[in-house]
Amino acid sequence: MTSQALHRLGSARTAAQWTALLFGLWFTVGNYVAGTVIWPGTITDPNGMYFMHLFGFIPVMVNGWHLYFHLITGLICLLVASSDRRARIGCGAVAAIYLATGIVGLVTRGDIYGLIMADTFGNGVHVVEGTGLALGAVVVRPRPLRALLRVSG
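Residues numbered from 1 in each chain as written. Predicted model: local features only at pLDDT ≥ 70, side-chain atom pairs only at ≥ 80, totals over all residues. Heavy atoms only, no water.

Asks: Got a sec to walk through the pairing of strand S2 (residues 58-63)? Specific residues and values, please.
Replies: In terms of strand pairing, strand S1 (residues 49-54) meets S2 through six bridges, oriented antiparallel. Note on S2: the bridge partner recorded for Tyr-50 is Val-62. (Pairing = 2+ DSSP bridges. Helix = DSSP H or I, 4+ residues; strand = E, 2+ residues; numbered from the N terminus.)

Asks: Explain the side chain of Thr-101 residue by residue, including any values.
Replies: On the secondary structure map, Thr-101 appears in helix H5 (residues 84-108). Under the relative-accessibility criterion, Thr-101 is labelled buried at 1%. Among the polar contacts listed, one links the side chain of Thr-101 to the side chain of Tyr-113, at a separation of 3.1 Å. Among residues more than four places away in sequence, those in contact with Thr-101 are Phe-69, Ile-112, Tyr-113, Asn-123 and His-126. (Buried < 20%, exposed > 50% of the residue type's maximum accessible area, 1.4 Å probe, protein only. Polar contact = N/O pair within 3.5 Å; in protein donor to acceptor, adjacent residues only side chain to side chain. Contact = heavy atoms within 4.5 Å.)

Asks: So what's going on with the state of the cysteines? Residues and values would help.
Replies: One pass over the full model with this rule turns up zero disulfides. Of the cysteine sulfurs around Cys-77, a residue in no disulfide, the closest is that of Cys-91, at 5.5 Å. Of the residues examined, Cys-77 reaches a relative accessible area of 0% and is grouped as buried. (Disulfide = S-S within 2.5 Å.)

Asks: So what's going on with a nonpolar patch on the surface? Which residues, and what values?
Replies: Taken together, the side chains of Trp-18, Leu-22, Leu-25, Val-29, Tyr-32, Val-33, Val-37 and Ile-38 define a hydrophobic patch exposed on the protein surface, amounting to about 750 Å² of accessible area. By the secondary structure assignment, Val-33 is in helix H2 (residues 15-38). Overall, the relative accessible area of 37% leaves Val-33 in the partly exposed class. (Patch = residues over 30% accessible without salt bridge, like charges linked within 9 Å, V, L, I, M, F, W, Y side chains within 5 Å. Areas by Shrake-Rupley, 256 points an atom, 1.4 Å probe, with all protein chains shown as cover. Salt bridge = Lys/Arg side-chain N within 4 Å of Asp/Glu carboxyl O.)

Asks: Describe the layout of surface pockets, and please don't skip the residues or the numbers.
Replies: Each pocket or cavity is described by its volume, and for the largest pocket that value is around 540 Å³. The wall of the largest pocket is formed by 22 residues, among which Trp-26, Asn-31, Leu-54, Val-60 and His-70 lie closest to the centre. When contributions to the lining of the largest pocket are tallied by element, the ones reaching two or more residues are H2, S1, S2, helix H4 (64-80) and helix H6 (120-138). Broken down by element, the residue count for the lining of the largest pocket peaks at seven residues, all from H2. A class-by-class count of the residues in the lining of the largest pocket yields 14 nonpolar, six polar and two charged. (1 Å grid on protein atoms, 1.4 Å probe; cavity = no way out; pocket = protein on both sides within 12 Å on 5 of 7 lines; lining within 4 Å. Points joined across faces, edges and corners; volume = space filled by probe spheres on them. Nonpolar A, V, L, I, M, F, W, Y, C, P; charged D, E, K, R; others polar.)

Asks: Residues and numbers for the confidence of the model for the protein chain, please.
Replies: The pLDDT averaged across the protein chain works out to 82; a share of 84% of its residues lies at or above 70. Within the protein chain, H5 carries the highest mean pLDDT (93), whereas helix H1 (residues 3-11) carries the lowest (48). Here residues 5-9 scores under 50 on pLDDT; set against residues more than four positions off or in separate chains, the count is one contact. (pLDDT = per-residue confidence, 0-100.)

Asks: With reference to specific residues and values, describe the side chain of His-70.
Replies: When you line up the elements, His-70 lands in helix H4. A polar contact of 2.8 Å, which involves the side chain of His-70, links it to the side chain of Tyr-98. Among residues more than four places away in sequence, those in contact with His-70 are Phe-27, Asn-31, Tyr-98, His-126 and Glu-129.

Structure, rendered in structure tokens:
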């Protein structure tokens, strides 16, 4: 594929579509790896607790419902990435879910909605992810400079 073809492919997508696609990949691929390689029991025992030190020093504790949460929202993001309108709506909806989940988790410091286990670090990450999704949903592609400078008449 030539660089011109790559440029056309990239420029054909809006910021919302790229946001949906990238977060969708982040949520699905990352959690597929976590659920099958790092914590294989999460698939068959979603209530079991799993712990590790991310990068050797950040304590992370989750259950399988937490990973299912990411997988489902990741699939939603991938499904809506094909059109700008769907991507904006999807990113906005998933952003609201992540922001609410992260904030509830930070406030309660325990199971979120009585189901999803996430530690303080994870809840902070959910807020950051929700913020990124929200920004991707509202960013408007800037018009080319020559269009802005064009004088009518």
